Amino acid sequence: MTVSLEVRDNVGTVRLDRPPMNALDVAVQDRLRELAEEATRRDDVRAVILYGGEKVFAAGADIKEMQAMDHTAMVLRSKGLQDAFTAVARIPKPVVAAVTGYALGGGCELALCADFRIAADDARFGQPEILLGLIPGAGGTQRLARLIGPSRAKDLIFTGRMVKAEEALTLGLVDRVVPAAEVYEQAHAWAAKLAKGPALALRAAKEAVDAGLETDLDTGLTIERNWFSGLFATEDRERGMRSFVEEGPGKATFG
């Protein structure tokens, strides 16, 4: 199995396993979409980790497979490619990318689909598609610019250069840099903590932020207001406020 979903402590790990570099061929892309949809549906999955193993996250698309495609073939395939990554980005639960080794091309684009990125101190990031006479096609031109700003995104996309973990941290491309041996452990700790939180409120927070980024401020505030008001109908809101009043802040437990 090139991609698997394993669940422990309500944390689902979507694991890429296509040695040696976890190249993202069509089969991997389609499997990512299937597992993202499964993680979305499953009540026992309350947070998700994207992980490529101890040595590499994903070094990009399968270039040999792509080389064999003509224009017509890619017109037919490109939406499936984007749909796979969009399915990951739209998992309505906290998602963290645990990045070791290379996250290049589609690998970098996959990491961009997460809410939070923890990188090994020897990790490398980049969008090298320009060196193939292409541009990113799995969301890189859009998600990268939204995350780090258009000028910084254009620098990486126009040059195709790789950046080390510390520069990626400075750019805002990753959120934390840790020793390589601790990447998965820290990602699991982050995910497990959020997995104990109020699932509906976390979903509302994620969808309000993500949807708000795609629109104007007034519309974004309406999205926020609707989610905020709607949460007053939930058991988690009742439990959280009751605990605050009776026990003080930060002591509520959620089912």
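Please refer to the structure higher up on the page.
Computed from a predicted structure; not experimentally measured. (Residues numbered from 1 in each chain as written. Predicted model: local features only at pLDDT ≥ 70, side-chain atom pairs only at ≥ 80, totals over all residues. Heavy atoms only, no water.)

(A) Expanded view of the environment of Arg42. For Arg42, the position within the fold is in the loop between helix H1 (26-41) and strand S3 (47-51). We classify Arg42 as partly exposed; its relative accessible area is 26%. Beyond its immediate chain neighbours, meaning those up to four positions away, Arg42 contacts Leu5, Val7 and Lys93. For Arg42, the side chain forms a polar contact with the side chain of Asp44, separated by 2.8 Å. (Helix = DSSP H or I, 4+ residues; strand = E, 2+ residues; numbered from the N terminus. Buried < 20%, exposed > 50% of the residue type's maximum accessible area, 1.4 Å probe, protein only. Contact = heavy atoms within 4.5 Å. Polar contact = N/O pair within 3.5 Å; in protein donor to acceptor, adjacent residues only side chain to side chain.)

(B) Examining unusual backbone geometry more closely. Omega for the bond connecting Pro19 with Pro20 falls within 30 degrees of zero, at 0 degrees, which places this linkage in the cis form. Along the chain, Pro20 falls in the loop between strand S2 (11-16) and H1. Its identity is not glycine, yet Asp9 carries a phi of approximately 55 degrees, on the positive side. Mapping Asp9 onto the fold places it in the loop between strand S1 (3-8) and S2. The class of Asp9 is exposed, set by a relative accessible area of 52%. Despite not being glycine, Asn10 shows a phi value in the positive range, around 65 degrees. With respect to the helices and strands, the residue Asn10 is situated in the loop between S1 and S2.

So far we have only geometry, and geometry alone does not tell us how the molecule works.
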